[in-house]
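Chain by chain, the residues run as shown.
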Amino acid sequence: MSRNAAVTRAGSERALAVYQELRARPDAGFDEVADGFELSADERERCRRELASLGLTTPGDPAAPHAPASVVDPDVALLRLLRRERDRLRERLAATSRAHTAIEALAGPFLRAGAAPRSEVEVEIVTDPQRVARELTDLTDSVRTAVHVMHTGSVRREEMAAELERDRSRAARGVRIRAMYSRRVGTVPEMTQHLADRAALGVELRLSPVVPMNMVLADENFALLPTDPHDPESPVILARGPGLVRSYLALYEYCWQAASRYGEEPGENGGDGLSDQQRAALHMLASGIKDEQIARSLGVSLRTVSRLLSEVMQELDAASRFEAGVKAARLGLLDGDGPEPGA
């Protein structure tokens, strides 16, 4: 356990004790209760922030710090949190739907009208499922370097054996295979075994709470994705040419870095002390993305982004964001391959 993880656990225990005392003494103020536990200024502020972030207390009047604190029942706080997360998920899904509408438009008349040279980009809408299956079969024989796959749900039972056979064929030729699944597939017994079988063949696997769409990318030259991410039976976009496929690969890389490695619990990270959310914020910071865009991408407030980056700086023992980015690069935290030898 890292030093920060131990501090967080101790802080949670103190916050729980303060919360229980506030519930037992509804007329007492937060500072009055904190005085009773002889908390330091840092411990007091940490407890205050933790209870507020969990929705267990609501901000009081700054001009009257000794006024009674507003304490929220745990079940009410939980319902509010679930409601906020539901609303955020709806916003993300709506944003994904708008993006796919734009992709469909670009993949249609604009590209066919010559927005990109025919020699560099080829795009078509495929409605025949058998044609899609043939393209995936041909891809197994033609791919040279890497295949990157997203799955929004479980793989059909009748397709599992074929997928494993494709993995064997690609791995035997030294092709890198990456696959990303929705975290909920881990609750499906058949999928649990299927993931274990793929991992045994050398497939790199990650799980994410939100996977935006089904997607297959290969060699920066092939892309297969749906015209409607909410309808698995919808026609698919078949694109060839690096001019377009690299854009899809950039989206894949972003989702990949924000996902958890297969076999890790959500929030585990191989011992570097960073949660999935902190790691995603660190990657965007290192890419030069502003706080406002980080907040939109993660679906959180600017204040939360500031807190996440402060926690990253503390974990890396960095005095500035720039120093945090330098240390993260040196430790290999920005490439997903772990620390550099001898770091």
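This structure is a prediction, so every number in the text was calculated from the model and none was measured.

So, about the confidence of the model for the protein. Scored by pLDDT, the protein has a mean of 78; 83% of the residues are at 70 or more. Here residues 267-271 is modelled with pLDDT under 50, and outside its nearest four sequence neighbours on either side it reaches twelve contacts, counting other chains as well.

A few words now on helix α6 (residues 157-172). In a regular helix each residue adds 1.5 Å, so 16 residues correspond to 22 Å; α6 covers 24 Å between its end C-alpha atoms and thus fits that length. As for α6, its buried residues are in contact with α5 (129-142), β4 (146-151), β5 (176-182) and α7 (189-200). Just past α6, the residue Gly 174 takes up positive phi, approximately 80°.

Quick look at a nonpolar patch on the surface now. On the surface, a cluster of nonpolar side chains totalling about 370 Å² of accessible area is made up of Leu 78, Leu 79, Leu 81 and Leu 82. Within the secondary structure, Leu 78 sits in helix α4 (residues 74-115). We classify Leu 78 as partly exposed; its relative accessible area is 48%.

Before going further, it helps to examine the pattern of salt bridges. Applying the stated criterion across every chain, the model contains 22 salt bridges. For Glu 204, the salt bridge is made with Arg 176, and the minimal N-O distance between the two is 2.8 Å. Taken together, the residues span a long stretch of sequence, with Glu 204 in strand β6 (residues 204-208) and Arg 176 in strand β5 at a distance of 28 residues. Judged by relative accessible area, which is 36%, Arg 176 ranks as partly exposed. Shared partners join several salt bridges into a network, and the residues in it are Asp 31, Asp 35, Arg 44, Glu 45 and Arg 48.

Let's shift gears to the pairing of β6. Of all five residues making up β6, four are buried, and the element is well covered by its neighbours. When β5 meets β6, the two strands line up parallel, connected through five bridges. By the bridge assignment for β6, Tyr 181 is matched with Leu 207. Relative to strand β10 (residues 260-261), β6 runs antiparallel, the two sharing two bridges. Across the sheet, residue Arg 206 finds its bridge partner in β10, namely Arg 261.

Okay, the packing of aromatic side chains next. We describe a pair of aromatic rings using the distance from one ring centre to the other and the angle between the two ring planes. Applying the stated criterion across every chain yields a total of one aromatic pair. Where Tyr 252 meets Trp 256, the ring centres are 6.0 Å apart and the plane angle is 20°; that geometry is what we call stacked. You can see Tyr 252 and its partner Trp 256 sitting in helix α8 (residues 242-258), four residues apart, about one turn around the helix. You'll find Tyr 252 and Trp 256 in the same group, each marked buried.

Here Thr 96 lies in helix α4. Here Thr 96 falls in the buried class, since its relative accessible area comes to 17%. Excluding residues within four positions of it along the chain, Thr 96 makes contact with Pro 212 and Pro 229.

Another aspect to go through is unusual backbone geometry. Trans peptide bonds make up most of the peptide bonds, and negative phi angles are found at most residues other than glycine. Of note, the phi angle at Asp 219 is positive, near 55°, even though the residue is not glycine. Along the chain, Asp 219 falls in the loop between β7 (215-218) and β8 (222-226). The residue Asp 317 is not glycine, and still its phi comes out positive at about 55°. By the element assignment, Asp 317 lies in the loop between α11 (302-315) and α12 (321-330). Judged by relative accessible area, which is 59%, Asp 317 ranks as exposed.

Rules behind the numbers
Residues numbered from 1 in each chain as written. Predicted model: local features only at pLDDT ≥ 70, side-chain atom pairs only at ≥ 80, totals over all residues. Heavy atoms only, no water. pLDDT = per-residue confidence, 0-100. Contact = heavy atoms within 4.5 Å. Helix = DSSP H or I, 4+ residues; strand = E, 2+ residues; numbered from the N terminus. Expected span 1.5 Å × (residues − 1). Patch = residues over 30% accessible without salt bridge, like charges linked within 9 Å, V, L, I, M, F, W, Y side chains within 5 Å. Areas by Shrake-Rupley, 256 points an atom, 1.4 Å probe, with all protein chains shown as cover. Salt bridge = Lys/Arg side-chain N within 4 Å of Asp/Glu carboxyl O. Buried < 20%, exposed > 50% of the residue type's maximum accessible area, 1.4 Å probe, protein only. Pairing = 2+ DSSP bridges. Phe/Tyr/Trp six-rings, centres within 6.5 Å; stacked < 30°, edge-to-face > 60°.

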